[in-house]
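Structural overview for review
Spelled out, the chains give:
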Amino acid sequence: MRLKESPSQTAGPYVHIGCAPQTAGLERRGMGPQLGRDMVRSDTAEKIDLMLTVRDGADDLVKDALIEIWQANADGGYAADERFSNWGRQATDLSTGLARFETIKPPASANQAPHILVWIVARGINLGLTTRIYFPDENNGSDPVLALAGTRAGTLIAEKAPSGYAHTIHLQGPQETVFFDV
Amino acid sequence: MTEQAFKPRDLSWHPPALYPDYRSTHLRAPQQQLLHMPQTKTELTGPTFGQADLSPLDDDLILNYAASGQMAQGPRIIVHGKLLDEDGRPVPGKLIEVWQANAGGRYRHVNDGYLAPLDDNFGGCGRCLSGDDGSYSFRTILPGPYPWPNGGNNWRPAHIHFSVFGDGFAQRLITQMYFEGDPHIPLCPIVQAIPDDHAIDRLVARLDMERTIPMDIRAYRFDIVLRGRNATIFENQMEGT
């Protein structure tokens, strides 16, 4: 049987209700912690802040986006354990536009530089956007995905910040971030 | 172990990033083509969820926000179906999250100021895991249509938002479910951004009298399809050959 994938639709402005209820102002009765909120579950010296903002074609902050990240753990694996969840989910703050993840820096793999997968949905985004974040203080020279991005590879590399890294994702315009068809 | 690659996504089946009649896409649609990249372990893997992540009433929107002894207002419905891949295989054990407006068309969200009243007993969110055969179900109420600021007299059809996880992040999907017979479906720019009528039809749930419980609750059926796997040598080749 050959089926077609269900077509995508925008997550809309109220995605928080289903995916980040605290941002919606909604505390579900009897609910546990919001899924994806806490990635680092034990004290670790390697903890970093990853601070993300999203800007639209007018260079305005997108304050209603939902961002998920997915990455390797310290050993390079992708199976969560009691110390670390490889998956994180945060909304951009409704007033500041900032999404802050507490995570760890993943290691390089056989042929790829350390990287974090990023997936963004929001009102006006019809199909979730996939991009990556690389680190400015790593050896990125031989990474095959950055090589594919060519002259736009810089849009995938975060900046060093006091407690970790900061990165702006541009949906549109001269600094438009590279988004992938995977 | 080698992860099996996912089939290419047919981008012509999905709504384009820029759809002028849907005004919010104007400044949020990337202008560059998506850059094709090979799937690596990062894209082929994804988070896993278990019953420990859920609470008992998560799949019952009629009760999960209601005060004790009370329930959400509106026509009672079961929404159910199967989570499948493009080869028709069940996708078991995956997290499905839903959110929706109440019966009056109002969301319980700090940013929704529509004049329809909030329902104290309705939160509008739920979640569940697909079963071994890919099946899932929720109990909820029929959401109302509502107007939205898009530069005209635009009303959203009644709908429920779905967020679905697959085996790998490349399967991650957010979509919306509509209700058969809703006259707003052909009028809605968000729906009509989907270029193919057959694709739109896939998002329209059917009244299902088989699952309807007499004198209690009606049922709607909605199947969800995630990207399939490529038929590679890893699938067909016996180990050691």
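- As recorded by an unreviewed UniProt entry, chain B carries the name Protocatechuate 3,4-dioxygenase subunit beta and is attributed to Yoonia phaeophyticola.
- Chain B has a UniProt comment under Sequence similarities (unreviewed entry) that states "Belongs to the intradiol ring-cleavage dioxygenase family."

- If you check an unreviewed UniProt entry, chain A appears there as Protocatechuate 3,4-dioxygenase subunit alpha from Yoonia phaeophyticola.

1. Overview of the UniProt feature "domain: Intradiol ring-cleavage dioxygenases" (unreviewed entry) in chain B
- Under the present numbering, the feature "domain: Intradiol ring-cleavage dioxygenases" (unreviewed entry) in UniProt falls on residues 79-107 of chain B.
- The span residues 79-107 of chain B shows a helical share of 0% and a strand share of 45%, and its end C-alpha atoms are spaced 19 Å apart.

2. As for the pattern of salt bridges
- Scanning the model with the defined rule gives 25 salt bridges over all chains in all.
- A salt bridge links Arg2 of chain A to Glu86 of chain B, with the nearest nitrogen and oxygen atoms 3.7 Å apart. Taken together, the residues span two chains, with Arg2 of chain A in the segment before helix 1 (15-19) and Glu86 of chain B in the loop between strand 2 (76-85) and strand 3 (95-100).
- Residue class for Arg2 of chain A comes out exposed when judged on its relative accessible area of 54%.
- Between Asp85 of chain B and Arg89 of chain B there is a salt bridge; the shortest N-O distance is 3.3 Å.

3. Digging into the interface of chain A and chain B
- Counting residues at the interface gives 66 residues for chain A and 87 residues for chain B.
- If you look at where chain A meets chain B, you find seven salt bridges.
- Between Lys4 of chain A and Asp10 of chain B there is a salt bridge whose closest N-O contact spans 2.5 Å.
- Elements with a contribution of two residues or more to the side of chain A that touches chain B: helix 1, strand 2 (66-70), strand 3 (87-91), strand 5 (115-121), strand 6 (129-134), helix 2 (144-149) and strand 9 (180-181) of chain A.
- Here the residues of the side of chain A that touches chain B sort into 34 nonpolar, 17 polar and 15 charged.

4. With respect to the packing of aromatic side chains
- Going through the model one piece at a time under the given rule, you end up with 15 aromatic pairs over all chains.
- Between Phe135 of chain A and Tyr165 of chain A, the ring centres sit 4.9 Å apart and the planes meet at 75 degrees, which makes this aromatic pair edge-to-face. You can see Phe135 of chain A sitting in the loop between strand 6 and helix 2 and its partner Tyr165 of chain A sitting in strand 8 (residues 164-170), a full 30 residues away along the chain. For the pair Phe135 of chain A and Tyr165 of chain A, a shared accessibility class is recorded, and that class is buried.
- Taken together, a centroid distance of 5.8 Å and an interplanar angle of 75 degrees make the contact between Tyr22 of chain B and Trp148 of chain B edge-to-face. Here Trp148 of chain B lies in strand 6 (residues 146-148) and Tyr22 of chain B lies in the segment before strand 1 (35-36), a separation of 126 residues in the sequence. For the pair Tyr22 of chain B and Trp148 of chain B, a shared accessibility class is recorded, and that class is buried.
- Put simply, the rings of Trp70, Tyr78 and Trp119 of chain A together with Phe169 of chain B touch in pairs and so form one group of aromatic residues.
- Just above the ring of Tyr165 of chain A sits the side chain of Lys160 of chain A; from NZ or CZ to the centre is 4.6 Å.

5. Describing the sheet that holds strand 8 of chain A
Residues and elements named next belong to chain A.
- Ordered by their spatial adjacency, four strands build an open sheet running 4-1-8-7, and the pairing between neighbours is mixed. Both edges of this open sheet fall to strand 4 (99-104) and strand 7 (159-161), since each of them pairs with a single strand only. Strand-to-strand twist of the sheet, defined as the mean angle between neighbouring strand axes without regard to direction, takes the value 30 degrees.
- The sheet contact formed by strand 1 (residues 47-55) and strand 8 spans seven bridges and is parallel. Bridged to Leu52 within strand 8 is His167.

6. With respect to a nonpolar patch on the surface
Residue and element names in this part refer to chain B.
- On the surface, Leu57, Leu63 and Met71 cluster together into a nonpolar patch covering about 240 Å² of accessible area.
- By secondary structure assignment, the location of Leu63 is in the loop between helix 1 (41-44) and strand 2.
- Accessibility expressed as a relative area gives 30% for Leu63, which makes it partly exposed.

So, how was this worked out
- Residues numbered from 1 in each chain as written.
- Chains lettered and ligands numbered in written order.
- Predicted model: local features only at pLDDT ≥ 70, side-chain atom pairs only at ≥ 80, totals over all residues.
- Heavy atoms only, no water.
- UniProt positions renumbered as here; feature names shortened; annotations may be inferred.
- Helix = DSSP H or I, 4+ residues; strand = E, 2+ residues; numbered from the N terminus.
- Salt bridge = Lys/Arg side-chain N within 4 Å of Asp/Glu carboxyl O.
- Buried < 20%, exposed > 50% of the residue type's maximum accessible area, 1.4 Å probe, protein only.
- Contact = heavy atoms within 4.5 Å.
- Nonpolar A, V, L, I, M, F, W, Y, C, P; charged D, E, K, R; others polar.
- Phe/Tyr/Trp six-rings, centres within 6.5 Å; stacked < 30°, edge-to-face > 60°.
- Lys NZ or Arg CZ within 6 Å of the ring centre and 35° of its normal.
- Pairing = 2+ DSSP bridges.
- Axes fitted to C-alpha atoms, helices over the stretch in contact; angles between N-to-C directions.
- Patch = residues over 30% accessible without salt bridge, like charges linked within 9 Å, V, L, I, M, F, W, Y side chains within 5 Å.
- Areas by Shrake-Rupley, 256 points an atom, 1.4 Å probe, with all protein chains shown as cover.

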